[in-house]
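Breakdown of the fold
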Amino acid sequence: MNDQAILTVQDISLRVGDKTILSNCSLSLHKGELKVLIGPSGAGKSTFLQCINVLTVPDTGSIFLEGREVMTKNAKELCLYRTKVGMIFQDFKLFDHLTAIDNVAIALRKVRGKSREEARKRAIEELARVNLSDQANLYPAQLSGGQKQRVAFARALAMDPLVLLLDEPTSALDPELVGEVLAVIRDLAAHGMTMIMATHQMDFIRAISSEIIFMEQGHIVEQGPPEALLGDTAQSRTKQFYNSLATV
Ligand SMILES: Nc1ncnc2c1ncn2[C@@H]1O[C@H](COP(=O)(O)OP(=O)(O)OP(=O)(O)O)[C@@H](O)[C@H]1O
Ligand SMILES: [Mg+2]
C-alpha cells in the first residue's frame, strides 16, 4: 500500500506583532481524505489555510507535496504549487469583468499555456460538471451566490488539483443555496478528491469528513475521526464546541 501523504504541512507558526496567530500547526492528507477544520471565530482556520496556500507567508514551517518540499520562495514553483493545491474562498473571488467561462479558462491559457479553443473546451466541461452549462456566458453579477461558488469550483478543478482548500465555502450563501454547493463537495469527495475544509456545517462534517481538526487560539487542540471526537461516549473539546453550536 502506498501510504505517502499527498500534502504534509509541518509546524506552521505565525505571529503578528506580539500576538500568536498560529502555533506549530501540522497536518497531513492522504488521497481521498476530507479533513475538516473547525473552531471558534478567530481560532486561525482561515489563516492556516492561507499559509498552506502561501497567500500568507508563515514565520516557520514546511510544506511537502507528494513527499517533496515546496520551495515557496521560488515564484515559478509557487505558481505551479497553487494550481495543484487550489483554494476556494467564502467570497468566491471571481473576476467580475469576465464571464463564467472566461473565469475558468483564463488560468488554463495564462498558466497552462493552452490555446483559446482548448481552454474554452475544458472550461465548458468543468462548468458542465458543476451543472452550469447554461450560465457559461453570464458575468458574476448575473449569477446567484451558489452559482458563483460553483464557478469557483470549476475554475479550481480545471487545473487538475491534487488538493482543494475550502475556506467556509457556504457561509456567504443564502440558506437555500447551501445545498447546491455541498452537493458539489460531496460529489468531489465521492470521486476521491482530497480536501481540507473550514466549515461550520456540522451535520455535513459528521456525514462526510475523514477527520476533524479542532483549532483554538492558533493551536490544533484535537484531531481524529468524527466518531472518536463526537460519538456518544466521546468527551472531547470538539464535542463541547459541537454541542454549543447545536444549541444556538
Ligand atoms: N493580517 C493579520 N494581521 C493581524 N491579525 C490577523 C491577521 N489575519 C488574521 N489575524 C488574526 O488572526 C486570528 C485568526 O483569524 P482567522 O481569520 O484565521 O480565524 P478563523 O478561525 O478563520 O475565524 P472565523 O471563524 O471567524 O473565520 C484572529 O485573531 C485575527 O484577528
Ligand atoms: Mg475564517
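Each value, and the rule that gives it
Residues numbered from 1 in each chain as written. Chains lettered and ligands numbered in written order. Predicted model: local features only at pLDDT ≥ 70, side-chain atom pairs only at ≥ 80, totals over all residues. Heavy atoms only, no water. Salt bridge = Lys/Arg side-chain N within 4 Å of Asp/Glu carboxyl O. Helix = DSSP H or I, 4+ residues; strand = E, 2+ residues; numbered from the N terminus. Buried < 20%, exposed > 50% of the residue type's maximum accessible area, 1.4 Å probe, protein only. Pairing = 2+ DSSP bridges. Contact = heavy atoms within 4.5 Å. Axes fitted to C-alpha atoms, helices over the stretch in contact; angles between N-to-C directions.

**Details of the pattern of salt bridges**
Applying the stated criterion across every chain yields a total of 11 salt bridges. Close ionic contact of Arg122 with Glu126 constitutes a salt bridge, the shortest N to O distance being 2.9 Å. Here Glu126 and Arg122 lie together in helix α4 (residues 116-129), a separation of 4 residues that amounts to about one turn. The pair Arg122 / Glu126 is uniform in exposure class, with both members buried.

**Brief notes about the sheet that holds strand β1 (residues 7-16)**
As summarised here, the arrangement of the 4 strands in space is β2-β1-β4-β5, forming an open sheet in which the pairing is antiparallel. Both outer strands of the open sheet, β2 (19-29) and β5 (68-69), are each paired with one neighbouring strand and no more. Sheet analysis places strand β4 (residues 60-65) next to β5, joined by 2 bridges and oriented antiparallel. By the bridge assignment for β5, Leu65 is matched with Arg68. The strands touched by helix α2 (residues 75-84) are β1, β4 and β5; relative to β4, the strand with the most contacts, the crossing angle is about 65 degrees.

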